[in-house]
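# Residue-level structural notes
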Amino acid sequence: MIPLFEQLGFHVTTISQETVGDHLRIIHPTQRQASILIVAHMDTVFEPGTANERPFTIKGTRAYGPGVIDMKASLVSVIYALRYLKENGSDAYQHVELVLNSDEEIGSSTSRQLIEEAAKGKAYALVMEPARRDGSVVTERRGNGRFTIEVHGKAAHSGIEPEKGRSAIEELAHKIVKLHELNDHEHGISVNVGIIEGGNAVNTVSATAIGHIDVRVATEEQAEEMEHKIETMCASSDVSGTEIELTGDISRPPMVKNEKIARLFQVVKKVGAELGIELKDTKTGGGSDASFTAAMGIPTIDGLGPVGGNAHSEKEYLDIPSLTERTLLLAKVIEKLVEDRKTKRS
């Protein structure tokens, strides 16, 4: 992939990583400060070897394969949108900086700083998550975080001397009930203990238990409130003699549709209309790197990739005709935004 950007005249910097794949920061040397940041991720949720077991295939107007819509097709779209601009004599492609990261699917913990650094001074951010099934782009996302509760109790034989034990599983059960009581779906708050571990024998009072928690919030205020409530909840035990260790936080802030994002969507919508594409916007509970740029106050549009569905599953697919359509849309949006910036400065 690096040679494809270099052929367009971009300079590619590889940011090496030890625990995840390397990240790429890509910028054209003619621009001291590009006005548009494009963010896309190169990782998928699938295990190594999945592509050999289930290789890329085409059936009718759909393409199938691991990560085909989330988000290999978007990477293709980015490259060809920039190529389109260059081949058609527009210098707009030179005004784009790109960050391609390799840990988005696990929270972007090693790339968040890179994204935020690249976003400084940008007028716009375009994030290449796939479009929704109906073609909508994304202007609002819930923030999300992960927490882990590790409970330490005291083991004992459950038949001979259970009174000497302190059940970590019992303590975790109390916390699970309380955590799920924090749910307020009407106002965008979701709390789910999705994985639990504990015990080593059915006739032993458990000495350890672990719960993994997913939290989703709609506002920054909710993020702070949920962190405080979970920390307070875990500060004391319900089962005497057990101890609790809490780790984690709200790692992705919510992407809130503000006036800046609304105005940027209107530009994208108008460009789409000129291409015969009727665009709508939507909100979603899933997280993405768009949350980072939006939280910095940068007008951000997400879901600018092609259309597909069933992401993260064996049935994941790309709607092939949308690849051309969305690539042209991306190219024209870049061109329009650059032209508008030039007009404002003149």
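Summarised in this report is the structure supplied together with it. Counting of residues starts from 1 at the beginning of each chain's written sequence and follows it residue by residue. Only residues with pLDDT of at least 70 are given local features in this predicted model, and only at 80 or more are side-chain atom pairs given and counted; all residues enter the totals for whole chains, interfaces and linings. Just so you know, side-chain values use all the structure's heavy atoms and leave hydrogens and water out.

## Focus: the overall build of the protein chain
- The secondary structure listing takes helices from DSSP runs of H or I that are at least 4 residues long and strands from runs of E that are at least 2 residues long, numbered from the N terminus. A tally of regular secondary structure across the protein chain gives 9 helices and 18 strands.
- Expressed along its principal axes, the backbone C-alpha trace of the protein chain runs to roughly 85 × 45 × 35 Å.
- Throughout this description, buried means an accessible area under 20% of the type-specific maximum (1.4 Å probe, protein chains only), exposed means over 50%, and partly exposed covers the range between. Sorting the 346 residues of the protein chain into buried and exposed places 47% on the buried side.
- Contacts between residues were defined by any pair of non-hydrogen atoms, one from each residue, lying within 4.5 Å. Once local pairs closer than 6 in sequence are excluded, the contacts in the protein chain between residues at least 24 apart make up 77%.

## Quick word on the side chain of S35
- Relative to the helices and strands, S35 is located in the loop between β2 (23-27) and β3 (36-41).
- S35 sits in the buried class, given a relative accessible area of 7%.
- What S35 contacts, discounting residues up to four positions off in sequence, is H95, K122, A123, Y124, V338 and R341.

## Description of the sheet that holds β2
- The sheet built from 6 strands is open, its strands ordered β1-β2-β6-β3-β7-β16 with mixed pairing. Each edge of the sheet is formed by a strand with only one pairing partner; in this case those strands are β1 (11-15) and β16 (300-301).
- A fitted line through C-alpha atoms represents every axis, and for helices the fit uses only the stretch in contact; the resulting angles, taken between N-to-C directions, go from 0 to 180 degrees. Across the sheet, helix α4 (residues 112-119) lies against β1, β2, β3 and β6 (96-101), angled at about 175° from β6, the strand it touches most. Any two strands with at least two DSSP bridges between them are considered paired.

## Quick word on the packing of aromatic side chains
- Only Phe, Tyr and Trp rings are paired, with Trp represented by its six-membered ring, and only when their centres lie within 6.5 Å; those with planes under 30 degrees apart are stacked, over 60 edge-to-face, the remainder tilted. For the structure on display, the rule yields 3 aromatic pairs.
- Ring geometry for F5 and F10: centres 6.4 Å apart, planes at 90°, overall edge-to-face.
- A ring pair is formed by F10 and Y93, whose centres lie 6.1 Å apart and whose planes are at 65°; its orientation type is edge-to-face. Note that F10 is positioned in the loop between α1 (2-7) and β1 and Y93 in the loop between α3 (68-87) and β6, a separation of 83 residues in sequence. Per residue, the accessibility class of F10 equals that of Y93, and both read buried.
- Through a chain of ring-to-ring contacts, three or more aromatic side chains come together here, namely F5, F10 and Y93.
- Comment: the charge-over-ring label is applied if NZ (Lys) or CZ (Arg) is within 6 Å of the ring centre and within 35 degrees of the ring normal. The side chain of R54 reaches across the aromatic face of F46, ending 5.1 Å from its centre.
- Seen from the ring of Y64, K59 lies directly overhead, with NZ or CZ sitting 5.8 Å from the centre.

## Let's talk about the pairing of strand β7 (residues 124-127)
- Burial along β7 is two-sided: the face carrying Y124 and L126 and the face carrying A125 and V127 are both buried.
- Where β3 meets β7, 4 bridges bridge the pair, whose relative direction is parallel. Across the sheet, the residue bridging to I38 is L126, located in β7.
- Pairing analysis gives 2 bridges linking β7 to β16, with the strands arranged parallel. Residue pairing for β16: L126 is matched across the bridge by I301.

## With respect to the pattern of salt bridges
- Any carboxyl oxygen of Asp or Glu within 4 Å of a side-chain nitrogen of Lys or Arg constitutes a salt bridge here. For the coordinates displayed, the defined rule picks out 20 salt bridges.
- For the salt bridge of K342 with D91, the shortest nitrogen-to-oxygen distance reads 2.9 Å. Taken together, the positions of K342 in helix α9 (residues 320-345) and D91 in the loop between α3 and β6 put the pair 251 residues apart, joining distant regions of the chain.
- Among the residues examined, K342 registers a relative accessible area of 39% and is labelled partly exposed.
- Residue D91 is classed as partly exposed on the basis of its relative accessible area of 33%.
- Overlapping salt bridges bring together R25, E97, E117 and K122 as one network.

## Description of the nonpolar core
- With 57 residues, the main nonpolar core has F5, I36, I38, L82, L98, L126 and I334 as its most contacted residues.
- Leaving out residues up to four positions away in the same chain, F5 has contacts with F10, V12, I26, V78, I79, L82, L98 and L100. The set of buried Ala, Val, Leu, Ile, Met, Phe, Trp, Tyr and Cys residues whose side-chain atoms join them within 4.5 Å is what this entry labels a nonpolar core.

## Some thoughts on the packing of α3 against α9
- α9 packs onto α3 with a crossing angle of 50° between their chain directions and a minimal axis gap of 8 Å. Between α3 and α9, the angle is such that the two are oblique. You can see that α3 and α9 cross each other, and the crossing is right-handed. In contact with A73, V76, S77, V78, Y80, A81, L82, Y84 and L85 of α3, α9 contributes L323, R326, T327, L328, L330, A331, K332, I334 and E335.
- Each residue belonging to the contact of α3 with α9 can be placed in one class, and the counts come to 13 nonpolar, 2 polar and 3 charged. In what follows, roughly perpendicular refers to angles from 65 to 115 degrees, roughly parallel to angles under 35, roughly antiparallel to angles over 145, and oblique to any angle outside these ranges. Left-handed describes a crossing whose near helix is turned anticlockwise from the far helix by less than a right angle; the clockwise case is right-handed. For this scheme, ten residues count as nonpolar: Ala, Val, Leu, Ile, Met, Phe, Trp, Tyr, Cys and Pro. Four count as charged, namely Asp, Glu, Lys and Arg, and the remainder, Gly too, count as polar.

The values reported here are purely geometric and, on their own, carry no functional implication.
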